[in-house]
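Residue-level listing of the chains:
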Amino acid sequence: MDELTKTAPLANPACWLPFTANRAFLQQPRLLSRARGMYYWTPDERPILDGTAGLWCVNAGHCRPEISAAIAQQAAEMDFAPTFQIGHPLVFTLAKRLIQWMPPALNHVFFTNSGSESADTALKIARAYHFNRGEPERTLFIGREKAYHGVGFGGLSVGGLPRNKEAFGPLLEADFLPHTLDQSRNRFGQGLPEWGEDPALALGEIVRRHGAERIAAVIVEPVAGSAGVILPHRDYLRQLREACDTHGLLLIFDEVITGFGRLGTPFATDYFSVTPDLLTTAKGLTNAAVPMGAVFVSDAIYQSFMQGNDRGIELFHGYTYSGHPLACAAGLAALDIYEQEGLLTRGAELAPYFEKAIHSLHELPKVIDIRNIGMMAAIELESLPDAFGARGMAALQSAFDKGLLIRTTGDTIALSPPLIIQRDMIDEIADILHNVIGNLR
Ligand SMILES: Cc1ncc(COP(=O)(O)O)c(C=O)c1O
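Residues numbered from 1 in each chain as written. Predicted model: local features only at pLDDT ≥ 70, side-chain atom pairs only at ≥ 80, totals over all residues.

A. Structural view of the overall build of the protein chain. Within the protein chain one finds 17 helices and 15 strands. What you see for the protein chain is a C-alpha radius of gyration of 22 Å, in line with the 22 Å of a compact globule of 441 residues. By principal-axis analysis of the C-alpha atoms, the protein chain measures approximately 65 × 55 × 45 Å. For the protein chain, with 441 residues in total, the buried portion stands at 46%. (Helix = DSSP H or I, 4+ residues; strand = E, 2+ residues; numbered from the N terminus. Rg over C-alpha atoms; globule rule 2.2 N^0.38 Å. Buried ≥ 20, exposed ≤ 12 C-beta atoms within 10 Å, placed from the backbone.)

As C-alpha cells, this is what we get:
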C-alpha cells in the first residue's frame, strides 16, 4: 500500500462508517491495512491477532491463496453474469456443494449478498409460501428479544435490539419471544445452560394473542451472536420446533454467525439436531472474501412454489448480484478449504481449550458473566454508572493497542476467532484480555 493510501483517508474523511461512533473514531482511528492467516497488520505494520474472524466471518483465516486465486481467475474469465432468466454454471455447482452440508430436507438455495438480505429473503419466502397456499393473512412474524437479523426493514422488524430500531419509524408487524439470557441461574456457566424456560409456553401465549392463522413464521438465531453470545438451554430449539409444528408455523434459523463451523459442527442445525424450514447464512460462506449470503429452503416450501399454477416467475424477488460469479468462485474455494482442513468441525476439538482459557478471566474485577459455545464466547463487563458501553469501547481500544482485535457490544466483549487458530494463540488472547480487563477503569 502506498503512503498516500495509508494516511490520506482520515485527513478529510468522506466515509461514514457503519455501526460506528464516527466522531470518536476520527479522534482515535483504528485502521487495518493487510491480513494473512490469524493476523491483521495496521498501516504502520503492527500485527493484530484476529480474535473475531473479522466480523464473525473469516473462518478459514485471512487471504487464503486458494480463494484469492479463484476470485482472480473468475474475474478474468467472466466478471459478472445475471441470474434473472439466465444462469451460469458456478451458481448451480455451489448450490449443490452447499446442500451436501445441510440436513436432507433443506435442499434448495436462494443466493443473496449479505445476512440482512438473507433474513429479508427468508421472511418474504415465508409470506409468499402462505400466500400461494391461499392463506395470505399469515403475515405476522415472531422474532425474539435481543435478536439481530441485520438491518433491512424485514430483519430489523424481527430483531430485538431496541436501539437498532428506534430511529426508523414503523416496521413490519412482529411479536417477540423472550430472550434466553438468565443470569440469575446461568451466570458463568460453561457451554449450554441446563436450565431455561420452554419456549412453547411463550409461543402458545403469542399464538393465543394473534391467532396462528395470522402468523407466517418464527425466526431465531440458534445462538444469539450480536447481542453478546446468548445461549439457549439444551432443549430450547427442539421445544421451539415442536411448538411451531403444533401451531403450523414455519421456523427460520438465522445461521449467519453459527453457520460454517462456528459451533464445532458445520451448522447449528447439526449441533442441536433440529431442522428448520428455512435457514439463512452469509459471512463464512465465502470466508468473507466476496460478499454473499444464501437462504436454504426446505423441499416442501420449494416444491410448493414449483407445483402451483405455472404463471412464469415463481418468486418476484432477487438481487442483481444474487449468485455473483466472483462470490461463487470464492464460495467454492472456501468450501474446498473447509472440507480439506476439516474446519467445519475443528471447533469441537478446540472448544474445551478455548472454554478454559476464556473462563480463566472469571476472577477479574468487573467481569460479571462469561458465556461460550464452540468457538464463540462473550465476556460481560460491569457497566460504568451512566456510561453504558464506555467500558466496552475502552476494552476494544486497549486490546487493539495491545495487538488483539475483539468485538464489543455495549460492555460485552465477543470473541469468535478464525477456526484455524492454534492453542498458543488462544493463550495469547486470554493473556491480552487479562491485561486489558485488569487495567480498565
Ligand atoms: C445473525 C445475523 N443475522 C444477520 C446479520 C446481518 O448480516 P450482514 O451484516 O451481512 O447484513 C448478522 C450480522 O452480524 C447476524 O449476526
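Having seen the model, we can carry on.
B. Structural detail: the environment of Arg46. Mapped onto the elements, Arg46 comes out in the loop between β2 (39-41) and β3 (47-50). With near-sequence residues (within four places) excluded, Arg46 lies in contact with Trp41 and Gly403. (Contact = placed C-beta atoms within 7 Å.)

C. Expanded view of the sheet that holds strand β15 (residues 412-415). If you trace the four strands from one edge of the open sheet to the other, you get β11-β12-β15-β14, paired in antiparallel fashion. Sheet topology places β11 (367-373) and β14 (407-409) at the edges, where each strand pairs with a single neighbour. Averaged over all pairs of adjacent strands, the angle between their axes in this sheet comes to 20°, without regard to strand direction. Relative to strand β12 (residues 376-381), β11 runs antiparallel, the two sharing six bridges. Counted as the bridge partner of Ile370 is Ile379 from β12. Running at roughly 175° to β14, helix α16 (residues 390-401) makes contact with β12, β14 and β15 of the sheet. (Pairing = 2+ DSSP bridges. Axes fitted to C-alpha atoms, helices over the stretch in contact; angles between N-to-C directions.)

D. A look at helix α5 (residues 89-99). Among the residues making up α5, those that are buried are Leu90, Val91, Leu94 and Leu98. Each buried residue of α5 lies within a common arc of 100° when the element is viewed along its axis, so the set occupies one face. What points out from α5, more than 90 degrees from its buried face, is the exposed set Pro89 and Lys96. (Arc of directions from axis to C-beta.)

E. Local environment of the site of the ligand. Residues in close proximity to the ligand total 14 residues, the closest being Ser114, Gly115, Ser116, Gly150 and Val256. In terms of residue count, the dominant contributor to the shell around the ligand is helix α6 (residues 115-132) (three residues). Residues of the shell around the ligand, tallied by class, amount to five nonpolar, seven polar and two charged. (Near = placed C-beta within 6 Å. Nonpolar A, V, L, I, M, F, W, Y, C, P; charged D, E, K, R; others polar.)

F. Representation of the sheet that holds strand β7 (residues 215-220) within the structure. Taken in spatial order, the seven strands line up as β4-β10-β9-β8-β7-β5-β6 in an open sheet, and their pairing is mixed. The outermost strands of the open sheet, each flanked by one partner alone, are β4 (108-112) and β6 (174-177). When strand polarity is set aside, the average angle formed by the axes of neighbouring strands in this sheet is 20°. Strand direction decides the pairing type here: β4 and strand β10 (residues 293-297), joined by five bridges, are antiparallel. Bridge pairing in β10 places Phe110 opposite Val295. Contacting β5 (140-144), β6 and β7, helix α10 (residues 199-210) crosses the sheet at an angle of about 155° to β6.

G. How the structure looks around the environment of Ala35. Relative to the elements of secondary structure, Ala35 occurs in strand β1 (residues 34-36). For Ala35, a count of 16 C-beta atoms within 10 Å corresponds to the partly exposed category. As a C-alpha pair, Ala35 and Ile48 span 13 residues in sequence and 9.0 Å in three-dimensional space. Among all residues touching Ala35, those that are not within four sequence positions of it are Tyr40, His62 and Cys63.

H. Molecular detail of the pairing of β11. Extensive coverage of β11 is indicated by the burial of five of its seven residues. Where β11 hands over to β12, the hairpin turn is made up of two residues, of which Gly374 adopts a positive phi near 50°.

I. Highlighting helix α11 (residues 236-247). Between the first and last C-alpha of α11 there are 17 Å, a value that for twelve residues agrees with the 16 Å anticipated at 1.5 Å per step. By the burial criterion, the buried members of α11 are Tyr236, Leu237, Gln239, Leu240, Arg241, Ala243 and Cys244. Structurally, α11 contributes buried residues whose contacts are with α10, β7, β8 (250-254) and α12 (268-272). Gly248 sits one or two positions beyond α11 and adopts a positive phi of about 70°. (Expected span 1.5 Å × (residues − 1).)

J. Here's a closer look at unusual backbone geometry. If you check the backbone angles, Ala53 has positive phi at about 45° while not being a glycine. If you trace the backbone, Ala53 turns up in helix α3 (residues 53-56). By C-beta crowding, Ala53 is classed as buried, having 31 other C-beta atoms within 10 Å.

K. The arrangement of the packing of helix α15 (residues 343-359) against helix α17 (residues 423-438) in detail. Contact geometry of α15 with α17 gives a least axis separation of 9 Å together with a crossing angle of 20°. When the interaxial angle is binned, α15 and α17 end up roughly parallel. Crossing handedness for the pair α15 and α17: right-handed. On the side of α15, the interface is formed by Tyr353, Phe354, Ala357 and Ile358, while α17 contributes Arg423, Ile426, Asp427 and Ala430. A breakdown of the residues in the contact of α15 with α17 according to their chemical character gives six nonpolar, no polar and two charged. (Parallel < 35°, antiparallel > 145°, perpendicular 65-115°, else oblique. Left-handed = near helix turned anticlockwise from the far one by under 90°.)

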